[in-house]
Amino acid sequence: MNFHVMTLFPDMVMAGLSDSIIGRAVSKGLLSIEAVNIRDFANNRHNKVDDYTYGGGAGMLMQAEPVYLCWQDIMDRIRQRRNADGKQSDDGNGVRVVYMTPQGRVFDQAMARELSREEDLILLCGHYEGVDERVLSEIVTDNVSVGDYVLTGGEIPAMIVVDAVSRLIPQVLHNDTSSELESFSDGLLEYPQYSRPEIWHDMRVPEVLLSGDHAKVDRWRHEQSLERTRQRRPDLYEKYMAR
Ligand code: ADE
């Protein structure tokens, strides 16, 4: 999987994704992440990429042309790489361009799973008051929000998407089953977990977990998942029970 993040703040994006599990996956060649600076495609002396909005109103808007040129540059490189890999007829059509916006579909685990099947993913981070609608209509395939609140830019949302998608790519997590068993994979929240010591602050690890009876442990964990979901996320619980 190759992530291409279009942004005015490439250092911020790379800093957020170069450590820990994602950083290690990049080092191992399981995925690649590039943050491409939209400002490098400004065609004026001051590298300006924003301007006033037609019709008036507060704030500046990201202009269409630098965003378009940045996208073209990424697409050229994707095509070159795919052709070099022997995919002769691959014109790069079908490379999804995800625009991070509070106006998008709300990101969830199902969307992460769907996106993890792509070979390349382009993520566009907006800033200022947004992006000129014309370039959005020309290049964007998916509008994605990370929740019903407004952030100052699309960088943190893009990092969220890269992180959630990356950990679903085979071998990124040490333990392949851990991405399947945890919260949301089956529509339920994860059961509580315990490590050593057996007693901490007068609290004991539930007896069943020390029993060595795997069937009993599985049953207990499922019950805990159900109960936790019912209490904390009644919306998910209803959905689970109705399926
Ligand atoms: N940009 C600003 N707020 C956002 C949000 N909630 N989701 C995605 N992109 C955003």
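Up top you'll find the structure we're talking about.
Residues numbered from 1 in each chain as written. Predicted model: local features only at pLDDT ≥ 70, side-chain atom pairs only at ≥ 80, totals over all residues. Heavy atoms only, no water.

With respect to the overall build of the protein
Convention followed: Going along the chain from the N terminus, every DSSP run of H or I of four or more residues is numbered as a helix, and every run of E of two or more is numbered as a strand. Burial classes follow relative accessibility: with a 1.4 Å probe on protein chains only, a residue under 20% of its type's maximum area counts as buried, one over 50% as exposed, and anything between as partly exposed. We call two residues contacting when some pair of their heavy atoms lies within 4.5 Å. The method behind every accessible area is Shrake-Rupley, applied with a 1.4 Å probe, and residues are considered shielded solely by the protein chains displayed.
A tally of helices and strands in the protein yields nine helices and nine strands. Across its three principal directions, the C-alpha atoms of the protein cover 70 × 50 × 35 Å. In the protein, which comprises 243 residues, the share counted as buried stands at 42%. Long-range contacts, defined here as pairs at least 24 residues apart, represent 74% of the contacts in the protein between residues at least 6 apart. For the protein, the computed accessible surface area is about 14500 Å², with 49% contributed by carbon and sulfur atoms.

So, the packing of aromatic side chains
To be explicit about the condition: When two rings of Phe, Tyr or Trp (its six-membered ring) have centres within 6.5 Å they constitute a pair, described as stacked for plane angles under 30 degrees, edge-to-face for angles over 60, and tilted for the intermediate range.
What the rule picks out here adds up to one aromatic pair. Pairing Y68 with W71 gives two aromatic rings, centres 5.5 Å apart and planes at 40°, and the pair type is tilted. Taken together, the positions of Y68 and W71, both in helix α3 (residues 64-84) and three residues apart, correspond to about one turn of that helix. Given a relative accessible area of 22%, Y68 falls into the partly exposed group.

As for the site of the ligand
We count it as follows: Here a residue counts as near a molecule or strand whenever at least one of its heavy atoms sits within 4 Å of it. In the analysis that follows, any N or O atom pair within 3.5 Å is treated as a polar contact, provided that within protein one partner can donate a hydrogen and the other can accept it, and provided that, for residues neighboring in sequence, both atoms belong to side chains. Nonpolar residues are Ala, Val, Leu, Ile, Met, Phe, Trp, Tyr, Cys and Pro. Charged residues are Asp, Glu, Lys and Arg, and all others, Gly as well, are polar.
Near the ligand the following residues occur: M100, T101, P102, V144, S145, V146, G147, Y149, V150, L151, G153 and P157. The contact in question runs from a nitrogen atom of the ligand to an N or O atom on the backbone of Y149, over 2.8 Å. Alone, the ligand offers 260 Å² of accessible surface; in the complex the protein occludes 96% of this. For the shell around the ligand, the secondary structure elements donating two or more residues are β5 (96-106) and β7 (142-145). Residue classes in the shell around the ligand are distributed as eight nonpolar, four polar and no charged.

Some points on a nonpolar patch on the surface
Rule in force here: Patch membership needs two things, relative accessible area over 30% and no salt bridge, and members are linked within 9 Å if like-charged or within 5 Å if nonpolar (Val, Leu, Ile, Met, Phe, Trp, Tyr). For salt bridges, the criterion is a side-chain nitrogen of Lys or Arg within 4 Å of an Asp or Glu carboxyl oxygen.
A contiguous nonpolar patch, built from F9, M12, Y149, L151, I156 and I160 and spanning about 520 Å² of accessible area, is present on the exposed surface. Structurally, the position occupied by M12 is in helix α1 (residues 10-17). The partly exposed category is assigned to M12, whose relative accessible area is 37%.

Considering unusual backbone geometry
Glycine aside, a negative phi is what most residues show, and trans is what most peptide bonds show. Cis rather than trans, the peptide bond between R196 and P197 has omega equal to 5°. Positive phi values are uncommon outside glycine, yet S20 reaches one of about 55°. Note on placement: S20 falls in helix α2 (residues 20-27). Accessibility expressed as a relative area gives 60% for S20, which makes it exposed. The backbone phi angle of D202 is positive, close to 65°, even though this residue is not glycine. Topologically, D202 is positioned in the loop between β8 (199-200) and β9 (203-204). A residue is classified by how much of its surface remains accessible, and D202, at 76% relative accessible area, is exposed.

Observations regarding the sheet that holds β7
We count it as follows: At least two DSSP bridges between two strands are required for those strands to pair. In this description, a line fitted to the C-alpha atoms serves as the axis of each element, helices being fitted only across the stretch in contact, and the angle between N-to-C directions of two axes falls anywhere from 0 to 180 degrees.
Here we have five strands laid out as an open sheet, ordered β2-β1-β6-β5-β7, and parallel in their pairing. Sheet topology places β2 (32-37) and β7 at the edges, where each strand pairs with a single neighbour. Strand-to-strand twist in this sheet, taken as the mean axis angle between neighbours without regard to direction, amounts to 30°. Sheet topology note: the β5/β7 ladder contains five bridges and is parallel. Looking at β7, one finds that V98 is bridged to D142.

What about the side chain of Q109?
Counting through the fold element by element, Q109 comes out in helix α4 (residues 109-115). Look past the residues within four positions of Q109 in its chain and what remains in contact with it is R167, L168 and F184.

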